[in-house]
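Residues per chain, in single letters:
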Amino acid sequence: MEQAGSIWSNGRTQTSRVLLRRVMSQWHEQVRPIPQVVHQTWRECGLAPVHAAWRGRCIRMMLNFTWLLWTDANNRQLVEEHFSDLLPLFDAFDVGIKRVDAARYLYLYLFGGIYMDLDVTCLRPLTKLPLTAGKAIFAFQYNVTSLHTNKSSTNPDERRHDQVANAFMAAPPAHPFIAHVISLMVQRSRGLLQRPTPEAHNAGRTIFGTDNGSKSNGGAGKGNSSSRGDGGVVNSDHSGGAAAASGGSSGSAVDTGSKNARISAIDATGPSLLSHALRTWPKGDVQVLPLARVYGSRPYDRSHGGRARCGKGAEEELQACAVAHPESVTTTFWTHSKTWQRHLAS
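Residues numbered from 1 in each chain as written. Predicted model: local features only at pLDDT ≥ 70, side-chain atom pairs only at ≥ 80, totals over all residues. Heavy atoms only, no water.

Undergrad: Just to check I follow, could you spell out the overall build of the chain for this structure?
TA: When helices and strands are tallied, the chain shows 14 helices and eight strands. Of all intrachain contacts in the chain linking residues separated by at least 6 positions in sequence, the fraction that spans at least 24 positions is 81%. A total accessible area of about 13,700 Å² is found for the chain, and carbon and sulfur atoms account for 51% of it. (Helix = DSSP H or I, 4+ residues; strand = E, 2+ residues; numbered from the N terminus. Contact = heavy atoms within 4.5 Å. Areas by Shrake-Rupley, 256 points an atom, 1.4 Å probe, with all protein chains shown as cover.)

This is the structure in structure tokens:
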């Protein structure tokens, strides 16, 4: 991992369950700022030229930030050294994107800062965003203003369960909402372990020091619609079989059946998980920014003739895009999408 030494804590931390419980109890005593650290991840240190160019553009705008590039090997080391009770689940994830998603929540919990996908680039410095101290910051990826799913709406975006993407997130270290996301992630995925350890089982149920399984799932064990992979789930890195997410009620046995093991990435670790976590979070220390501020366009958005809002992301196109969209601080190209693949072929 690039430049990580300055923010790694000395020595080995406590296991994640103890760490999360301790910090949760202390959170109300302080309001921490969001560190000027940007986390990004790729399977290895070598980036595709377009990703390197987009990342370099942001770095040049914010030379005072620390920019970290985590590899797959770094991600596993992070879990092994700082969240060792989650390692069996991390290794058991059936697709790589689930490990990448899990790692980004752990970066934010342990270190704080900003997580940003490599296909997100900067139109202006990130300091132009309202990165309020004490808050966890996210953004809608669709044209919605509410987290609540409205199945009867004529706007298809309002019928979705994955309104908030995890491609851009920011938080102070040890934010309780990020702990809530990790807890829900563990509960939804622990059926991947054929023989779950007590630590892996309890990490999802007692991550705050109390058994919060039913509260954090919002009744997912009763078939809550936000835990399913329907509603027009995008066919991307976060796609997969539309299986019901099994969170279970507090005190339930670990589900080692196929239903829990088949849960798709979008539901297990991705935007559907994050959106559901936000809907079930009772506190006011989170903020979700409008689509235009961060992502600029929806995944598979055809309103620009099937092209990304800022073209193919060449420097001259990004300069023009920044002028044309003064409300946007960043933009994304959703490079995992079929729209992007058609765009490259055009």
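Undergrad: Just to check I follow, could you spell out the packing of helix 3 (residues 72-82) against helix 5 (residues 96-111) for this structure?
TA: Each packed pair of helices is defined by two parameters, the angle between the axes and the distance between the axes. Orientation of helix 3 relative to helix 5, taken along the N-to-C sense of each, is 55 degrees, at an axis distance of 10 Å. With respect to their mutual orientation, helix 3 and helix 5 come out oblique. Seen along the crossing, helix 3 lies across helix 5 with a hand that is left-handed. For the pair helix 3 and helix 5, the contacting residues are Asp-72, Asn-75, Leu-78, Val-79 and His-82 in the first and Val-100, Ala-103, Leu-106, Tyr-107, Leu-110 and Phe-111 in the second. For the contact of helix 3 with helix 5, the residue count by class is eight nonpolar, two polar and one charged. (Axes fitted to C-alpha atoms, helices over the stretch in contact; angles between N-to-C directions. Parallel < 35°, antiparallel > 145°, perpendicular 65-115°, else oblique. Left-handed = near helix turned anticlockwise from the far one by under 90°. Nonpolar A, V, L, I, M, F, W, Y, C, P; charged D, E, K, R; others polar.)

Undergrad: Before we go on, may I ask you to explain unusual backbone geometry in this structure?
TA: Trans peptide bonds make up the majority, and among non-glycine residues the majority have a negative phi. One non-glycine residue, Ala-174, lies in the positive phi region at around 60 degrees. Position of Ala-174 relative to the elements: it lies in the loop between strand 6 (164-171) and helix 6 (176-189). Judged by its relative accessible area of 7%, Ala-174 is buried. (Buried < 20%, exposed > 50% of the residue type's maximum accessible area, 1.4 Å probe, protein only.)

Undergrad: Explain the sheet that holds strand 5 (residues 136-140) to me, please; I cannot follow it from the model alone.
TA: Read across the sheet, six strands follow the order 2-1-3-6-5-7 without closing on themselves; strand pairing throughout is mixed. Two strands in the sheet have a free side with no partner beyond their single neighbour: strand 2 (66-70) and strand 7 (286-289). Ignoring which end each strand starts from, the neighbouring axes of this sheet average 25 degrees apart. Across four bridges, the pairing between strand 5 and strand 7 is parallel. From the neighbouring strand, Ala-136 faces strand 7, where its bridge partner is Val-286. Strand contacts of helix 2 (residues 49-61): strand 1 (37-41), strand 2 and strand 3 (113-116), with the helix running at about 155 degrees to strand 2, the strand carrying the most contacts. Contacting strand 1 and strand 2, helix 3 runs over the sheet at an angle of about 95 degrees to strand 2. (Pairing = 2+ DSSP bridges.)

Undergrad: Whenever I open this one, the state of the cysteines confuses me. Can you help?
TA: Linking two cysteines covalently through their sulfur atoms gives a disulfide. By the definition in use, this model includes two disulfides. Across the disulfide from Cys-58 sits Cys-122; the S-S distance is 2.2 Å. Looking down the S-S bond of the Cys-58 and Cys-122 bridge, the torsion is 110 degrees, so its handedness is right-handed. One end of the pair, Cys-58, is in helix 2; the other, Cys-122, is in strand 4 (residues 120-122), and 64 residues separate them in sequence. Looking at Cys-58, the relative accessible area reads 0%, which means it is buried. In this structure Cys-122 comes out as buried when scored by relative accessible area, which is 0%. The disulfide partner of Cys-310 is Cys-321, and the gap between their sulfur atoms is 1.9 Å. Residues Cys-310 and Cys-321 are joined by a disulfide whose S-S torsion is about -50 degrees; by sign, that bridge is left-handed. In this pair, Cys-310 sits in the loop between helix 12 (291-294) and helix 13 (315-324) while Cys-321 sits in helix 13, placing the two residues 11 residues apart along the sequence. As far as burial versus exposure is concerned, Cys-310 and Cys-321 are alike and both buried. Once the bonded cysteines of the chain are numbered in order along the sequence, the disulfide links fall as 1-2, 3-4. (Disulfide = S-S within 2.5 Å.)

Undergrad: Is there a simple way to explain the packing of aromatic side chains in this structure?
TA: Working definition: an aromatic ring pair is given by the centre-to-centre distance plus the angle between the planes. As enumerated under the stated definition, the model contains nine aromatic pairs in all. Among the aromatic residues, ring-to-ring pairing joins Trp-70, Tyr-107, Phe-111 and Tyr-115 into one connected group. (Phe/Tyr/Trp six-rings, centres within 6.5 Å; stacked < 30°, edge-to-face > 60°.)

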